[in-house]
Amino acid sequence: MLYGVLRILVVKRRTLLKIFSAASAAAMGGHVAMQARLPEALPLVFSNDYEDVNTNALELAQAIQQMNTPAPDKEAFISAFQNVTKPILADSNDLKSYLQKMENFENTHHEDVYLTPNQNALLGSVFRRLDRVQNVVGHGNFNVLSFDDALKLGKRYSSVGEFPKSETEFLEDLFSKNPRGYGFYGEKVIRNLTFTVLEKDVKKIARTGHFLFRGESEALYNQVRRDLGNNIFLTSGIRSVVKQTHLFLAKTIQSKGNLSRASRSLAPPGHSYHGIGDFDVGKVGFGAKNFTEEFASTDEFKRLVDLGYVDMRYPKHNLLGVRYEPWHIKVVS
């Protein structure tokens, strides 16, 4: 009911978007200035009522797991890497270390970058407020909610509470910060924090709680369903900036304020292709295992590969600073 009254503005989807290749991402990276690093043991500052929300955040973040499928030719990857002028990584030892880090993306590494103490203190309160916004609009509508509408809901509903200046500044800084500073080299595909979507441009997919853009995304999903049958379904469709921020904050909470670790698993706000067309699929009845390597052993996944639907946005051994995502259906090229 609330979705119909939310103001949802038009999204100007790019028609020509290119993901950085491993070589070009490395070439553009250069030397990055790191924030002050905080020890992993630094406690998060939460209010006394945060315990239940923290558990939800952990459950949400832990649903994001690595899957294993055959890797691309490693020699070709290394050859392309070595041809880059002044790459991010100086030599083969650095490359080996980098690849090991990506394979162990949930581990903490000495060069990881953390939230500043002030940001760390706000992390819990911002996540809780976004969680309350989601409770008001519902999980499905939250996927397409704009930042402006989230702020309006904070003013309108006492159960959410108005976003204080410190929290909006936190969200603005998180969105505007160049994530190369903490190790993520993917392309920024959404440039404005207030990026929104017209209701007429999206379609809610029955029995999934998710939306897809009408046109190419919807057509591709329907084709996947025709080819694989009703055992395949949409596990994640459109993610607005608000939705992606909520997910990224959950992962940052799980990572104890470690931005580098969080970004190895989840694109920072503004950098997710879910915001402009890509989507994820899973096997009906497989539950949380759709987000684990077990999905790669299913007949459904093997058929996705055989039919050419799995075009990796983040392949294994990529140089974008993010884990391998074989469940991801690439729509925007």
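Located above this text is the structure these notes cover.
A quick note: this is a predicted structure, and the numbers were derived from the prediction, not measured. (Residues numbered from 1 in each chain as written. Predicted model: local features only at pLDDT ≥ 70, side-chain atom pairs only at ≥ 80, totals over all residues. Heavy atoms only, no water.)

This brings us to the overall build of the chain. If you tally the helices and strands in the chain, you get 13 helices and 5 strands. For the chain, with 333 residues in total, the buried portion stands at 53%. Put simply, 78% of the contacts in the chain that link residues at least 6 apart link residues at least 24 apart. Carbon together with sulfur atoms contributes 51% to the accessible area of the chain, which is approximately 15,200 Å² in total. (Helix = DSSP H or I, 4+ residues; strand = E, 2+ residues; numbered from the N terminus. Buried < 20%, exposed > 50% of the residue type's maximum accessible area, 1.4 Å probe, protein only. Contact = heavy atoms within 4.5 Å. Areas by Shrake-Rupley, 256 points an atom, 1.4 Å probe, with all protein chains shown as cover.)

Among the nonpolar cores identified, the biggest contains 44 residues, and Val133, Leu145 and Leu249 are the most heavily contacted of them. Among the secondary structure elements, those contributing two or more residues to this core are helix 6 (117-137), helix 8 (147-156), helix 9 (165-176), helix 11 (241-254) and helix 12 (259-265). Beyond its immediate stretch of four places on either side in the chain, Leu249 contacts Leu123, Val126, Phe127, Leu130, Phe170 and Leu174. One finds Ile232, Leu234, Phe295 and Val331 within the second-largest nonpolar core, a separate group that totals 19 residues. (Core = buried A, V, L, I, M, F, W, Y, C linked by side-chain atoms within 4.5 Å.)

For the rest of this paragraph, the subject is the packing of aromatic side chains. Two descriptors summarise a pair of aromatic rings, namely the distance from one centre to the other and the angle between the planes of the rings. The full count for this structure, using the stated rule, is 1 aromatic pair. Relative to Phe279, the ring of Tyr221 lies with its centre 5.9 Å away and its plane at 90 degrees, an arrangement referred to as edge-to-face. Of the two residues, Tyr221 sits in helix 10 (residues 216-228) while Phe279 sits in strand 4 (residues 279-283), which places them 58 residues apart along the sequence. Each of the two residues, Tyr221 as well as Phe279, counts as buried. A cation sits over an aromatic face here: Arg129 above Phe163, 5.7 Å from the ring centre. (Phe/Tyr/Trp six-rings, centres within 6.5 Å; stacked < 30°, edge-to-face > 60°. Lys NZ or Arg CZ within 6 Å of the ring centre and 35° of its normal.)

Turning next to the pattern of salt bridges. As enumerated under the stated definition, the model contains 11 salt bridges in all. One salt bridge in this structure joins Asp112 and Arg264, with 3.0 Å as the shortest N-O distance. Placement of the pair is Asp112 in the loop between helix 5 (92-103) and helix 6 and Arg264 in helix 12, with a sequence separation of 152 residues. Taking the relative accessible area as the measure of exposure, Arg264 reaches 3% and is therefore buried. Arg239 serves as the salt-bridge partner of Asp280, at 3.5 Å between the closest nitrogen and oxygen. In this pair, Asp280 is assigned in strand 4 and Arg239 in the loop between strand 3 (232-236) and helix 11, connecting sequence segments 41 residues apart. (Salt bridge = Lys/Arg side-chain N within 4 Å of Asp/Glu carboxyl O.)

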